[in-house]
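What follows is the residue order along each chain.
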Amino acid sequence: LVQLRTGHVPLHKHLYRIQVIESPICPTCEREEESVLHYLLYCPTYDEQRGELQRELGRKAREPTYLLTSPHALPHLFRYIAQTGRFAKSHG
């Protein structure tokens, strides 16, 4: 959670910034930089999981501050993260 809040999370934008990889572009959609906002709100790869998050939280699921700070949102956010598998060791 702290990593998501600070942007120091193993997404391509951060990994590129610290010179671990050669491109900040999202490895799944290849459309834009893979930032926290891209991962949480925009990447089409995770539309299905994001849809479930939106069904659970309503419009607030589109508010990054709410997702990352609200005690009500956190269990849903963690479920979204688990469902995407983005931070699983076997992922890209």
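The structure we're discussing is the one just above.
Here's a quick rundown of the structure. Treat the numbers as computed from the prediction; the structure is a model and nothing was measured.

Parameters at a glance
Residues numbered from 1 in each chain as written. Predicted model: local features only at pLDDT ≥ 70, side-chain atom pairs only at ≥ 80, totals over all residues. Heavy atoms only, no water. Helix = DSSP H or I, 4+ residues; strand = E, 2+ residues; numbered from the N terminus. Buried < 20%, exposed > 50% of the residue type's maximum accessible area, 1.4 Å probe, protein only. Polar contact = N/O pair within 3.5 Å; in protein donor to acceptor, adjacent residues only side chain to side chain. Contact = heavy atoms within 4.5 Å. Salt bridge = Lys/Arg side-chain N within 4 Å of Asp/Glu carboxyl O. Core = buried A, V, L, I, M, F, W, Y, C linked by side-chain atoms within 4.5 Å.

**Some points on unusual backbone geometry**
Next, step 1: The backbone of Gln19 shows a phi angle near 60°, a positive value even though the residue is not glycine.
Next, step 2: Within the element layout of this structure, Gln19 appears in the loop between helix H2 (12-17) and helix H3 (36-42).
Next, step 3: On the basis of relative accessible area, Gln19 is assigned to the exposed category, the value being 72%.
Next, step 4: Of note in this structure, Glu30 is not a glycine but carries a positive phi near 55°.
Next, step 5: A relative accessible area of 63% places Glu30 in the exposed class.

**Section: the side chain of His38**
Next, step 1: By the secondary structure assignment, His38 is in helix H3.
Next, step 2: Overall, His38 belongs to the buried group, its relative accessible area being 1%.
Next, step 3: At 3.4 Å, the side chain of His38 forms a polar contact with the side chain of Glu32.
Next, step 4: Setting aside its immediate chain neighbours within four residues, His38 contacts Cys26, Cys29, Glu32, Glu33, Cys43 and Arg50.

**Here we look at the pattern of salt bridges**
Next, step 1: Throughout the structure, instances matching the rule amount to four salt bridges.
Next, step 2: The residue Glu56 makes a salt bridge to Arg79 at a minimum N-O spacing of 2.9 Å. Pair noted here: Glu56 is in helix H4 (residues 47-57) and Arg79 is in helix H6 (residues 74-84), with a separation of 23 residues, a long-range link.
Next, step 3: Given the relative accessible area of 30%, Glu56 is considered partly exposed.

**A short note on the nonpolar core**
Next, step 1: Counting residues in hydrophobic clusters, the biggest one holds 22 residues, and the most contacted among them are Tyr39, Leu40, Leu57 and Tyr80.
Next, step 2: Broken down by secondary-structure element, the contributors of at least two residues to this core are H3, H4, helix H5 (64-69) and H6.
Next, step 3: In this view, Leu40 contacts Arg50, Leu68, Leu77 and Tyr80; residues no more than four positions away in its chain are not counted.

**Focus on the side chain of Arg50**
Next, step 1: Looking at the secondary structure, you find Arg50 in helix H4.
Next, step 2: The class for Arg50 is buried, based on a relative accessible area of 3%.
Next, step 3: Looking at Arg50, its side chain comes within polar contact range of the main-chain oxygen of Leu40, at 2.9 Å.
Next, step 4: Beyond its immediate stretch of four places on either side in the chain, Arg50 contacts His38, Tyr39, Leu40, Leu41, Tyr42, Cys43, Arg62 and Tyr80.

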